[in-house]
Each structure stands twice: as C-alpha cells, then as structure tokens.
Amino acid sequence: MAADEQRLRVAVLGAGLIGIDLVDRIRRSRKLELALVAGRDRDSLGLRRAAEKGHPTTAGGIRTVVEAGPFDVVFDATNAESHAEHWVALHPTGATLIDLTPTGLGAAFVPGVDSGPPAVHRHLNLVSCGGQAAIPVLHAVSRHCAPTYIEVVSTAASASAGRATRLNLDQYISTTAAAIRTFTGTRDAKVMVNLSPARPAPPFRVAMTVLADGIRPAPVRTRIAAAARAVRTYTPGFKVTSLAVDPGRISVAVEVTASGGRLPRHAGSVDIINAAAVLLAEQSAAASR
C-alpha cells in the first residue's frame, strides 16, 4: 500500500485562526490526509485559504461534514456551545472527534502527560491552551508532592484570541480547573485568564503557583525540566522562564512562542493546542495500523 493510502482521512470543522493553522499542519503531516475544511461563512479567510491550496471546502458546517464522510478523524475548532451538537452528529459515523474547544466533554488528553491516545475513546478533549501549557508541569510537580492549592494565570495577546475564544472564557476557566484537579489530584485549583492588548504583542505566558508540604527543591527542578523537554518535542517554542522553590510553595512560569508556519510568534496559545491535536491524530493513525 502506498504511503498516501495509509493516511487517515480527516476533516477540520471551523475556519478561524485555529482552523487555518490546523490546515497548514495537516498538510505537512505524513500520516493525515485533509479531505474537507468546513465553516459557516463562505467568504471567510480560512475557507478561502484552504480552497486556494486545493482542499475541498464547505460552508455547510457539521451537516456537510457528516454527508461528506466517513472520516477517520474530525478536528472541532469551532466553539464550546456547538461542540455537543457536533459530537451527537458524528458519533454514529465512527469518526474520532478531537475537541479543541473548552467544553470539558470527552476524555481529556495532554501529550506532555499521556503517552498516547486512550484507545477506547473516540471523543477526545484537549482541555485548553492554558491547560496544555500548565498541566505537564503541574503533573510533574504532583508526582513529587501532594498539592493543596494550585493557581494558574494565563496571559495571551488579544490578537491571538478570536471571537470563539472570547465567548468561551467561562468554559475555558472551568474546564482548565477541572483538568488540573484530575491530573494533579488537588482539590483546590483556581484559573485566571488575561488578554493583553500590549504592543508589541506579548508571547503566551502561563504562571503557576503550587502550595504543598514536603517540597524538596532538587527533585522539583529535575521533574519540571523533564516535563519541559517532553513538551518541546512537539512544541519547540515552550520554555520555563522562571522557577522558585520555597518551603511550602513553588512558583513557575512558562512561555510559548509559535515557531514556523503562518502563526505570529505571539500566538503560542494556538501553537501548543494545535500541535497537541495533530500529534494525537498521528498517534491514532499509528495505533490503527
């Protein structure tokens, strides 16, 4: 069988900033074949760019995705309010749905923590961009000590936050906090989000505070460094910018800059969640062989 014939047939649902970048990433993948880009506005920039690259496009939304199937994988890059409806429509088709919206539905997946996609699930949730940046670090810390409180503050450039992101901030906060509790075992997690209009646009930053007993500086630093290396295997622009380990308290900040493709460097929030999404789809392709 030829290499192209072995690729998973995938569709992108949503033609905003996240969807446009997904199109470019899938085009570069040796394991995925982009068979459809679906949006709701025929004149949107995302649909125009996809069509210019020779990909089939539709402005019919989820209905036309179902009609054009079956697909092995569908990426949902729309909004939290619409996602549940999309899963109901796609579930009978057998497609794996990778959710880039902050709904909290489906099985949560973070490549920096999980070694591969949950084989029994076809509904996979990527939490949020802040979750993708913070959870690998927080999970590493939780393997050393038992956090009693975790606080996460994400700061993204206004220019990197589209309309759907702004409308879904409440879901972003609740879903990210729930995932932090799940991956770390802590009962008390607080999440905050800032959208910065600063010029030049700042990179995506996530600051974390962890309260816990029995903290030992050397193991904490070693585990965080290992977590950062793991994330950089699929998001090269990820780095730890500050780390302070004190009795009962860990303060750590990470920064994500977008590297390669059409994304501006400040759009690290898009870069990390899209990198996780494509990696998950490629791992699904490997598992299906």
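Coordinates for the structure precede this section.
Quantities reported herein were computed from a predicted structural model and do not represent experimental measurements.

Caption draft 1: Examining the sheet that holds strand 10 (residues 204-212) more closely. Sheet architecture is open: five strands sit in the order 9-8-10-12-11, paired in mixed fashion. If you trace the sheet from one side to the other, it starts and ends with strand 9 (189-196) and strand 11 (238-246), each paired once. On average, adjacent strands in this sheet sit at an angle of 10° to one another, irrespective of strand direction. For strand 8 (residues 147-157) and strand 10, the ladder comprises eight bridges, and the chain directions are antiparallel. Residue pairing for strand 10: threonine 155 is matched across the bridge by arginine 205. Running over the sheet, helix 7 (residues 169-184) touches strand 8, strand 9 and strand 10 and is turned about 140° from strand 9. Where helix 8 (residues 217-232) meets the sheet, its contacts fall on strand 11 and strand 12 (249-256), and the angle it forms with strand 11 comes to roughly 170°.

Caption draft 2: Layout of the packing of helix 5 (residues 129-142) against helix 7. Where helix 5 meets helix 7, the axes come as close as 9 Å, and the angle between the chain directions of the two elements is 20°. Comparing the axis directions of helix 5 and helix 7 gives the class roughly parallel. Note on packing geometry: the crossing formed by helix 5 with helix 7 is right-handed. Between helix 5, through Cys129, Gly130, Gly131, Ile135, Leu138, His139 and Ser142, and helix 7, the contact on the second element is made entirely by Tyr172, Thr176, Ala179, Ile180, Phe183 and Thr184. Looking at the contact of helix 5 with helix 7 residue by residue, the classes come out as seven nonpolar, six polar and no charged.

Caption draft 3: Inspection of the side chain of serine 196 at higher detail. Mapped onto the fold, serine 196 is located in strand 9. In this structure serine 196 comes out as buried when scored by relative accessible area, which is 16%.

Caption draft 4: Focus on the environment of alanine 227. Its location among the elements puts alanine 227 in helix 8. Alanine 227 gets classed as buried once you look at its relative accessible area, which sits at 8%. Placed 104 residues apart in sequence, alanine 227 and histidine 123 show a C-alpha to C-alpha distance of 25 Å. In contact with alanine 227, not counting residues within four places along its chain, are Pro136, Val137 and Ala140.

Caption draft 5: Examining the sheet that holds strand 5 (residues 96-99) more closely. Overall, parallel pairing links the seven strands, which are arranged 3-2-1-4-5-7-6 in an open sheet. The open sheet terminates on both sides in strands that have one partner only, identified here as strand 3 (57-58) and strand 6 (107-108). Direction of pairing for strand 2 (residues 32-38) relative to strand 3: parallel, over a ladder of two bridges. Paired with alanine 38 across the two strands is threonine 58, which belongs to strand 3.

Caption draft 6: Structural detail: the nonpolar core. Residues Phe75, Ile98, Leu126, Val152, Met208 and Phe238 are the most contacted members of the largest nonpolar core, which totals 66 residues. Per element, the largest residue contribution to this core is eight residues, and it comes from helix 9 (residues 268-287). Excluding its chain neighbours within four sequence positions, the residues that come into contact with methionine 208 are Ala134, Val137, Leu138, Glu151, Val152, Ile250, Ser251, Val252 and Val254. One finds Leu13, Ile62, Val65 and Trp87 within the second-largest nonpolar core, a separate group that totals 13 residues.

Caption draft 7: Looking closely at the pattern of salt bridges. Inspection of every chain in the model, using the stated rule, returns six salt bridges. Close ionic contact of aspartate 271 with arginine 25 constitutes a salt bridge, the shortest N to O distance being 2.5 Å. Residue aspartate 271 is located in helix 9, and its partner arginine 25 is located in helix 1 (residues 17-28); the two are separated by 246 residues in the primary sequence. Neither residue differs from the other here; aspartate 271 and arginine 25 are each classed as buried. One salt bridge in this structure joins glutamate 255 and arginine 205, with 3.2 Å as the shortest N-O distance. One end of the pair, glutamate 255, is in strand 12; the other, arginine 205, is in strand 10, with 50 residues separating them in the sequence.

Caption draft 8: View of the pairing of strand 1 (residues 8-13). Strand 1 sits mainly inside the fold: five of its six residues count as buried. Pairing geometry for strand 1 and strand 2, over six bridges, is parallel. Residue pairing in the sheet places arginine 9 in a bridge with glutamate 33 of strand 2. Traced from strand 1 through helix 1 to strand 2, the parallel crossover comes out right-handed. Note that strand 1 and strand 4 (residues 73-76) share four bridges and pair parallel. Within strand 4, the position partnered with valine 12 by the bridge is phenylalanine 75.

So, how was this worked out
- Residues numbered from 1 in each chain as written.
- Predicted model: local features only at pLDDT ≥ 70, side-chain atom pairs only at ≥ 80, totals over all residues.
- Heavy atoms only, no water.
- Pairing = 2+ DSSP bridges.
- Helix = DSSP H or I, 4+ residues; strand = E, 2+ residues; numbered from the N terminus.
- Axes fitted to C-alpha atoms, helices over the stretch in contact; angles between N-to-C directions.
- Contact = heavy atoms within 4.5 Å.
- Parallel < 35°, antiparallel > 145°, perpendicular 65-115°, else oblique.
- Left-handed = near helix turned anticlockwise from the far one by under 90°.
- Nonpolar A, V, L, I, M, F, W, Y, C, P; charged D, E, K, R; others polar.
- Buried < 20%, exposed > 50% of the residue type's maximum accessible area, 1.4 Å probe, protein only.
- Core = buried A, V, L, I, M, F, W, Y, C linked by side-chain atoms within 4.5 Å.
- Salt bridge = Lys/Arg side-chain N within 4 Å of Asp/Glu carboxyl O.
- Right-handed = clockwise from strand over helix to strand, strands pointing away.

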